[in-house]
Amino acid sequence: MPQASPHAAIILQDVTRLPENDASERLHLVTNEGPILCRHHPAEGERAVLWVFGAGGGLGGPAGGLYTRLGTRLRQESVTSLELDYRRAGYLQDCVLDVLVGLAYLESLGKSRIVLVGHSFGGAVVINAGAISEAVTAVAALSSQTAGTEAVGRLSPKPVIFMHGEQDEILPPSCSRDLHTRAGEPKELVLYPGCLHGLDQCREALDRDLTRWLHGVLA
């Protein structure tokens, strides 16, 4: 460090750490455009998952803290997790740049197989970042919007999965159906009957299905 994020006039200048518990720490990725707040679940090895939330930003994720929950489990399998909060939540290009900074940080730790997971607005963020970064090996979009997702067809041959509640009251499941149609192979679509936008009603099934998929793409 300092380290430039690819395709971006944003530079990772420093990292500050604050231990959170035995399994995670809070990070500030300090850039020339301001700090990016993260929760880091460190592990040895080359595999990692970077997680982002919706248009309001934040950590933890949908379905009652999916990102923290699975990040804690994956750490026990030597998979690092980085939950990333946006500097300017809701601004797509800025949020994509934040993810590229997060990817640059993970690469600086020796991570070379990185999966992106995003919820709602975050689905568009990870689709765009995944199409740009060679370090990204797969992308998961949960309850995703379609706005700003023109890059979805460029993800192939990276595996991509779309997961959506059939009763989503914010973004209809037709959004993920459309993304699935426009994406190249390999791709997967999982719909959850009776599940709303936040995916709380299908928490156990979501944990199971996303964990299975992550094991496959990180193998």
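Just so we're clear, the structure is a prediction, and the values are computed from it rather than from any experiment.

**Student:** Outline the state of the cysteines, supporting the account with residue identities and numerical values.
**Tutor:** This structure, assessed with the given rule, holds 1 disulfide. Here Cys 95 stays free of any disulfide, with the sulfur of Cys 38 as its closest cysteine sulfur at 13 Å. Taking relative accessible area as the criterion, Cys 95 reaches 0% and is therefore assigned buried.

**Student:** Describe the side chain of Arg 39, and please don't skip the residues or the numbers.
**Tutor:** Looking at the secondary structure, you find Arg 39 in strand S4 (residues 34-41). Engagement of the side chain of Arg 39 in a polar contact is seen with the side chain of Glu 20, the distance being 2.8 Å. In this structure the side chain of Arg 39 is engaged in a polar contact, spanning 2.8 Å, whose partner is the side chain of Glu 83.

**Student:** I'd like to hear about the nonpolar core, residue by residue, with values.
**Tutor:** Counting residues in each nonpolar core, the largest one holds 40 residues, and the members touching the most others are Leu 29, Leu 50 and Leu 116. Looking at this core element by element, the count peaks at 9 residues for helix H2 (residues 92-108). Apart from residues no more than four positions distant in its own chain, Leu 50 is found in contact with Leu 82, Leu 84, Val 99, Gly 102, Leu 103, Leu 106, Ile 114, Val 115, Leu 116 and Val 117. Formed by 27 residues, the second largest nonpolar core is a distinct cluster that contains Leu 74, Val 117, Met 163 and Cys 195.

**Student:** Talk me through the packing of aromatic side chains; I want residue IDs and the actual numbers.
**Tutor:** All told, the structure shown has 3 aromatic pairs when counted by the stated rule. Their ring planes at 35° and their centres at 5.0 Å tell us that Trp 51 and Tyr 67 sit as a pair that is tilted. One end of the pair, Trp 51, is in strand S5 (residues 47-52); the other, Tyr 67, is in helix H1 (residues 62-75), and 16 residues separate them in sequence. Comparing Trp 51 with Tyr 67 shows no difference in burial state: the two are buried. Ring plane angle 90° and centroid distance 5.9 Å describe the contact between Tyr 86 and Phe 121, whose orientation is recorded as edge-to-face.

Reading guide: rules and limits
Residues numbered from 1 in each chain as written. Predicted model: local features only at pLDDT ≥ 70, side-chain atom pairs only at ≥ 80, totals over all residues. Heavy atoms only, no water. Disulfide = S-S within 2.5 Å. Buried < 20%, exposed > 50% of the residue type's maximum accessible area, 1.4 Å probe, protein only. Helix = DSSP H or I, 4+ residues; strand = E, 2+ residues; numbered from the N terminus. Polar contact = N/O pair within 3.5 Å; in protein donor to acceptor, adjacent residues only side chain to side chain. Core = buried A, V, L, I, M, F, W, Y, C linked by side-chain atoms within 4.5 Å. Contact = heavy atoms within 4.5 Å. Phe/Tyr/Trp six-rings, centres within 6.5 Å; stacked < 30°, edge-to-face > 60°.

Purely spatial values, then, with no claim about function.
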